[in-house]
Amino acid sequence: MAGNDPVGLITNFTGVQRDLRPIAAGLLDAGLKLTALFGPEHGLQGTAQAGFTEDADHDPLTGLPLYDTYRKTPAEQDQQIEDSGVATLLFDLQDIGVRYYTYVWTMFDLMLAAGRTGRRFVVLDRPNPLTGLVAGGPWLEPGNESFVGRVSIPLRHGLTVGELADQLNRTAVRDQLGHPVELDVITAGGWQRGQWHDETGLVWIPPSPNIPTLDTALCYAGTGLFEGTNLSEGRGTTRPFETLGAPFCDARLAAAVTERGVPGVLLRATSFVPTFHKYAGQTCHGVALHVVDRTAFDPIRTSCVIMEVAGELYPEFGQREGGGTGVDNPGSTSHALDKLWGSSELRDRITARAPLEPLTSPPTHPSTWIATPALLRY
């Protein structure tokens, strides 16, 4: 940051130093003129569930004014930046490498706001916890845009937030604004593309209330799709996105999926009672996922197999009625499952009880989809 220009930090509880001290306090101690904070979904302190945020207007630790960006319109975000008086926006949030995880779209929205208001944008990069070696899954098709996918990128993108910011700046940001924003990325020194988060030496901080572990994050890259169906994705249990089921399911689901052969994961028949969200207070039956080989495990293919088998076993299985968590978009007519998958094809096949595995393809390297492979820094 140049001179003594005021800086606004886009962050939450995941924005910490190696000793777990909040980055905001560290930047202030280092002499940075940090004058405002901007918070995403779940809020600065992470107490809000999916689809919600906190109502605080100041950070209790630093006393800095806090601007809640979640569900704000572009005009409202522009006004927040103007009101804050900052010259630079600094981004520090821990992403998990999945298109429908909303932190990257907070970054994208505020990159656009920075461009519209003439501000500089800086990304403090962090490792992709699922490694930087794997990309895959469907792309987002036009008409399915929402806050779980503003523009078309693969479901599992395989990039760090800094690499993704570079990619978006050269493509979607440039296309929407007519020019790229003034962007700088401070890279995550020492990270190797093949490293999982637990191989980095960094502490795992659950990046949102329903991603408690690294295994959860890996499963979420596929089982997050169940948010758009009438099976519980395990919210309201201690293992969300690793626990799937509904009152109309039974032990046959785990056995039938196991017979199909899904590498890298063991499926156990389970019963559970969600404390909130789908089927709160009701006994559900279904499957618990236990990842035993995370390199062999393909969460997208596994989730498609589970959905296909559920469709064969249970006439009740189908799309979720109404909007899914975090996928509501007043300007869109597409279904929640379409926004998560990126098109209507998955929903159409579930409705028709057609095979789902043809929708999946083997994971690939992220360099196969980004505009300039040289952007891969590590």
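Residue indices follow the written sequence of each chain, beginning from 1 at its first position. Restriction of local features to residues with pLDDT of at least 70 applies here, the model being predicted, together with a cutoff of 80 or more for giving and counting side-chain atom pairs; totals for whole chains, interfaces and linings are based on all residues. The side-chain figures draw on all heavy atoms in the structure; neither hydrogens nor water molecules are used.

A.B. asks: What's the story with the sheet that holds strand 6 (residues 183–186) in this structure? I'm lost.
C.D. replies: Consider a sheet: its strands pair through backbone hydrogen bonds, and that pairing is either parallel or antiparallel. Pairing is parallel across the open sheet formed by six strands, whose spatial order is 3-2-1-4-5-6. Here the strands that pair on one side only, and so sit at the sheet edges, are strand 3 (66–68) and strand 6. The average angle at which neighbouring strand axes cross in this sheet is 25°, direction not considered. Note on pairing: two strands pair once DSSP finds at least 2 bridges between them. The helix count covers DSSP runs of H or I at least four residues long, the strand count covers runs of E at least two residues long, and both are numbered beginning at the N terminus. Inspection of the sheet shows strand 5 (residues 120–124) paired to strand 6 by four bridges, in the parallel sense. Across the sheet, the residue bridging to Leu 124 is Ile 186, located in strand 6. Should any heavy atoms of two residues lie within 4.5 Å, those residues are considered in contact. Here the axes come from fitting lines to C-alpha atoms, over the contacting stretch only for helices, and the angles between their N-to-C directions go from 0 to 180 degrees. Most of the contacts of helix 2 (residues 74–84) go to strand 2 (residues 34–39), to which it runs at about 160°, and overall it touches strand 2, strand 3 and strand 4 (88–92). In this fold helix 4 (residues 161–177) packs onto strand 4, strand 5 and strand 6, with an angle of close to 160° to the strand it touches most, strand 6.

A.B. asks: Whenever I open this one, the pairing of strand 2 confuses me. Can you help?
C.D. replies: Regular strands place their side chains on alternate faces of the sheet. Counting buried residues in strand 2 gives five out of six residues, a clear majority hidden from the surface. With four bridges connecting them, strand 1 (residues 7–11) and strand 2 associate as parallel partners. Note that in strand 2 the partner of Leu 9 across the bridge is Leu 37. At this point the chain moves from strand 1, through helix 1 (residues 23–29), to the parallel strand 2, and the crossover so formed is right-handed. Throughout this description, buried means an accessible area under 20% of the type-specific maximum (1.4 Å probe, protein chains only), exposed means over 50%, and partly exposed covers the range between. Classification remark: right-handed applies to a crossover when, strands pointing away from the viewer, the course from the first strand over the helix to the second runs clockwise.

A.B. asks: Help me understand the packing of aromatic side chains, please; the structure alone is not making it clear to me.
C.D. replies: Here the distance between the centres and the angle between the planes together describe a pair of aromatic rings. Stacked, tilted and edge-to-face are the three classes assigned to paired rings of Phe, Tyr and Trp, where Trp is represented by its six-membered ring and a pair needs centres within 6.5 Å; plane angles under 30 degrees give stacked, over 60 edge-to-face, the rest tilted. The final tally for this structure, using the stated rule, is 10 aromatic pairs. An angle of 85° between the planes, with centres 4.7 Å apart, marks the rings of Tyr 220 and Phe 241 as edge-to-face. Residue Tyr 220 is found in helix 5 (residues 214–223), and its partner Phe 241 is found in the loop between helix 5 and strand 7 (243–246); the two are separated by 21 residues along the sequence. Residue class for Tyr 220 comes out buried when judged on its relative accessible area of 5%. Grouped by ring-pair contacts, the aromatic residues Tyr 100, Tyr 101, Tyr 103, Tyr 220 and Phe 241 constitute a single cluster.

A.B. asks: Before we go on, may I ask you to explain the environment of Asn 12 in this structure?
C.D. replies: Along the chain, Asn 12 falls in the loop between strand 1 and helix 1. Linking Asn 12 and Leu 37, residues 25 residues apart in sequence, is a C-alpha distance of 8.9 Å. In terms of polar contacts, Asn 12 uses its side chain to reach the side chain of Tyr 103, at 3.1 Å. In protein, a polar contact requires one atom able to donate a hydrogen and another able to accept it; more generally it is a pair of N or O atoms within 3.5 Å, and residues adjacent in sequence count only if both atoms are side-chain atoms.

A.B. asks: Would you mind going over the nonpolar core with me for this structure?
C.D. replies: Generally speaking, a soluble globular protein has its nonpolar side chains buried in company with each other. Among the buried residues, those of types Ala, Val, Leu, Ile, Met, Phe, Trp, Tyr and Cys that are joined through side-chain atoms within 4.5 Å form a nonpolar core. Membership of the largest hydrophobic core comes to 90 residues, with the highest contact counts inside it found for Met 107, Phe 121 and Val 123. The dominant element in this core, judged by the number of residues it contributes, is helix 3 (residues 103–117), at 10 residues. Setting aside chain neighbours within four positions, we find Val 123 in contact with Phe 91, Met 107, Val 161, Gly 162, Ala 165, Leu 183, Asp 184, Val 185 and Ile 186. The next biggest cluster of nonpolar side chains, apart from the first, holds 13 residues, and it includes Ile 23, Leu 34, Leu 66 and Val 122.

A.B. asks: Any chance you could explain the state of the cysteines here in plain terms?
C.D. replies: A covalent bond between the sulfur atoms of two cysteines is referred to as a disulfide. Our working definition of a disulfide is a cysteine sulfur pair at a distance within 2.5 Å. A complete count under the given rule lists zero disulfides for this structure. Cysteine Cys 249 remains unbridged, with the sulfur of Cys 284 as its closest cysteine sulfur at 8.2 Å. For Cys 249, a relative accessible area of 3% translates into the label buried. On the accessibility criterion, Cys 284 (0% relative accessible area) is buried.

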